[in-house]
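Here is how the chains run, residue by residue.
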Amino acid sequence: MGDRFYISGCAGEMGALLNGRAWTVVAGLDASHFRIDAVPRAVAAFAGCSGGTTRSAPPAAPAPPVVPPVNPAPTRPAIYFGGSGQFGGKAWY
């Protein structure tokens, strides 16, 4: 109990309720049947689905993406303030 699983591929009204969602097992009835936390009051009776994949463990995580190395920031250009020291033809002393 407490296991979560994903349902996909069920047909009909029940499929519209169950497909594309993760559900939690709330009771184990026997080796082949269990109860989930769905409330199908407004849906036609469900007879079952066929096919699908059964997993006993989560799927393997995909490999991390290859990230190129980080280039260091360029050095700032040198800025020189200067010149002749004269403004308007007169020296400042």
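This structure is a prediction, so every number in the text was calculated from the model and none was measured. (Residues numbered from 1 in each chain as written. Predicted model: local features only at pLDDT ≥ 70, side-chain atom pairs only at ≥ 80, totals over all residues. Heavy atoms only, no water.)

What follows is about the overall build of the chain. The secondary structure content of the chain amounts to one helix and five strands. In sequence order, the chain lays out its α and β elements as β-α-β-β-β-β. For the chain, contacts bridging at least 24 residues in sequence account for 30% of all contacts bridging at least 6. Looking at the chain as shown, the accessible area adds up to about 8600 Å², and 59% of this sits on carbon and sulfur atoms. (Helix = DSSP H or I, 4+ residues; strand = E, 2+ residues; numbered from the N terminus. Contact = heavy atoms within 4.5 Å. Areas by Shrake-Rupley, 256 points an atom, 1.4 Å probe, with all protein chains shown as cover.)

In this section: the sheet that holds strand 3 (residues 33-36). On the basis of which strands lie adjacent, the open sheet formed by three strands has the order 1-2-3 and antiparallel pairing. Both edges of this open sheet fall to strand 1 (4-7) and strand 3, since each of them pairs with a single strand only. Averaged over all pairs of adjacent strands, the angle between their axes in this sheet comes to 55 degrees, without regard to strand direction. (Pairing = 2+ DSSP bridges. Axes fitted to C-alpha atoms, helices over the stretch in contact; angles between N-to-C directions.)

Okay, the environment of R21 next. Secondary-structure assignment places R21 in strand 2 (residues 21-30). Of the residues examined, R21 reaches a relative accessible area of 42% and is grouped as partly exposed. Taking the C-alpha atoms as reference points, R21 and F5, separated by 16 residues in sequence, lie 8.3 Å from one another. Non-local contacts of R21, meaning those with residues more than four positions away in its chain, are made with F5, Y6 and I7. (Buried < 20%, exposed > 50% of the residue type's maximum accessible area, 1.4 Å probe, protein only.)

For the chain, the mean per-residue pLDDT works out to 76, and 72% of the residues sit at or above 70. When pLDDT is averaged over each helix and strand of the chain, the minimum, 56, is found for strand 5 (residues 90-91) and the maximum, 84, for strand 2. (pLDDT = per-residue confidence, 0-100.)

Let us now look at the pairing of strand 3. In terms of strand pairing, strand 2 meets strand 3 through four bridges, oriented antiparallel. Considered in strand 3, the bridge of G28 is made with F34. Following strand 2, the chain reverses through two residues before pairing antiparallel with strand 3.

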